[in-house]
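# Residue-level structural notes
Letter by letter, the chains look like this.
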Amino acid sequence: MTSQRHSYRVDDDVLLDAARSCVLAIGVGRTTLTEVARRAQVSRMTLYRRFPDVRSLIAALMTREFGGLLAEISASLTGPTARERLVTGLVTGIKALTHNPIMRAALDLEPELILPYVVQRLGSTQRLTEQFIADQLKAGHDDGSIRAADVPTQARAVLLVVQSFVLSLRPATSDVDSDALLAELARMLEGALESR
């Protein structure tokens, strides 16, 4: 008698797709592992083995969502200098993030989910963004388009500026044109980074 062993591993993307669907349908606060498992058509234990709680699942979803946006933006960058590519990429990223439905759901309905990444620690998406910034800064130092400075410090400063726009753009543009505000940000970044 031969025993058959079936090893079936559900791809994380299946679970994260189900989580995304759940968040968009009922909100972050009402999303449960049980509901995500139901939408993914897996057992709760399958989900629990990968994500012990909703917070870790939502964090993984946000990392995938925003990391994917960053990868798309990085791949589409063009421009004669690293400074131009960096500034264009950052402004494009701010627009994409502020229109992203997962970010909107978090900021509009569950801002407390974002708060730890503002006041306690940097998250994986922030680290990915900071690495993108650092890579462009190094390229700008090399091509002479960005003033020389300590890359980690320079990258962190740029990250903090960009992060404030992502988190505050919607209320900040209730009485100011968003395109004009982002154009002003681009000019500020250009000026701050320009090699003198």
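Cut-off values and rules
Residues numbered from 1 in each chain as written. Predicted model: local features only at pLDDT ≥ 70, side-chain atom pairs only at ≥ 80, totals over all residues. Heavy atoms only, no water. Axes fitted to C-alpha atoms, helices over the stretch in contact; angles between N-to-C directions. Helix = DSSP H or I, 4+ residues; strand = E, 2+ residues; numbered from the N terminus. Left-handed = near helix turned anticlockwise from the far one by under 90°. Contact = heavy atoms within 4.5 Å. Nonpolar A, V, L, I, M, F, W, Y, C, P; charged D, E, K, R; others polar. UniProt positions renumbered as here; feature names shortened; annotations may be inferred. Buried < 20%, exposed > 50% of the residue type's maximum accessible area, 1.4 Å probe, protein only. Core = buried A, V, L, I, M, F, W, Y, C linked by side-chain atoms within 4.5 Å. Domains from an automatic or database assignment. Buried area = accessible area lost by both parts, 1.4 Å probe. Salt bridge = Lys/Arg side-chain N within 4 Å of Asp/Glu carboxyl O. Polar contact = N/O pair within 3.5 Å; in protein donor to acceptor, adjacent residues only side chain to side chain. Expected span 1.5 Å × (residues − 1). Arc of directions from axis to C-beta.

With that settled, consider the packing of helix α1 (residues 12-26) against helix α2 (residues 33-40). Contact pair α1 / α2: the axes reach a minimum separation of 8 Å and the direction vectors enclose 115°. The two elements α1 and α2 meet at a crossing, and its hand is right-handed. Within the contact between the two elements, α1 uses Val-14, Leu-15, Ala-18, Ala-19, Ser-21, Cys-22, Ala-25 and Ile-26 and α2 uses Glu-35, Val-36, Arg-39 and Ala-40. Taken together, the residues that form the contact of α1 with α2 break down as nine nonpolar, one polar and two charged.

This paragraph deals with the UniProt feature "DNA-binding region" (unreviewed entry) in the protein chain. UniProt feature "DNA-binding region" (unreviewed entry): in the numbering of this structure it lies at residues 32-51. In residues 32-51, the share of helix is 75% and the share of strand is 0%. The end C-alpha atoms are 11 Å apart.

It is worth spelling out unusual backbone geometry at this point. A positive phi angle, close to 60°, is found at Gln-41, a residue other than glycine. Within the fold, Gln-41 resides in the loop between α2 and α3 (44-50).

Moving on, we get to the side chain of Arg-104. Tracing the chain through its elements places Arg-104 in helix α6 (residues 101-109). Exposure remark for Arg-104: the relative accessible area of 11% places this residue in the buried category. Other than its neighbours up to four places away in sequence, Arg-104 contacts Thr-98, His-99, Leu-109 and Arg-170.

Turning to the nonpolar core, a few remarks are in order. With 55 residues, the main nonpolar core has Leu-86, Leu-90, Ile-94 and Ile-133 as its most contacted residues. Looking at this core, the elements with two or more residues in it are α1, α2, α4 (54-76), α5 (82-99), α6, α8 (124-143), α9 (151-172) and α10 (178-193). A domain split of this core shows at least three residues from each of domain 1 (9-52) and domain 2 (61-193). Residue contacts for Leu-90: discarding those within four places in its chain leaves Phe-132, Ile-133, Val-158, Val-162 and Leu-189.

This part covers the environment of Arg-170. Note that Arg-170 resides in helix α9. Judged by relative accessible area, which is 48%, Arg-170 ranks as partly exposed. With residues up to four places along the chain from it excluded, the contact list for Arg-170 reads Arg-104 and Asp-108.

Another aspect to go through is the domain arrangement of the protein chain. On domain assignment, one finds that the protein chain holds domain 1 (9-52) and domain 2 (61-193). The straight-line distance from the C-alpha centre of domain 1 to that of domain 2 is 29 Å. Counting from both sides, the interface comprises nine residues of domain 1 and, opposite them, eight residues of domain 2. Between domain 1 and domain 2 the total buried area reaches about 810 Å² when both faces are included, carbon and sulfur atoms providing 67% of it. Considering only the surface of domain 1 that becomes buried against domain 2, Leu-16, Arg-20 and Val-28 emerge as the three largest contributors, covering 55% of it. Joining domain 1 to domain 2, the criterion identifies three salt bridges. Here Arg-20 and Glu-65 are joined by a salt bridge, their closest N and O atoms 2.8 Å apart. Where domain 1 meets domain 2, there are four residue pairs in polar contact (both at pLDDT 80 or more). Its residues assigned to classes, the side of domain 1 that touches domain 2 shows five nonpolar, one polar and three charged.

To continue, consider α10. Side chains that are three or four residues apart share a direction in an α-helix, a result of its 3.6 residues per turn. Helix length check: α10, at 16 residues, gives a terminal C-alpha distance of 22 Å against a target of 22 Å (1.5 Å per residue), a fit within 8%. Among the residues of α10, Leu-182, Leu-185, Ala-186, Leu-189 and Leu-193 are the ones counted as buried. Along the axis of α10, the buried residues cluster in a sector spanning 100°; they form a single face. On its buried face, α10 is in contact with α5, α8 and α9. At the N-terminal end of α10, a side-chain oxygen is found 3.2 Å from the backbone nitrogen of Asp-179, two or three residues along, and the residue is Asp-177.

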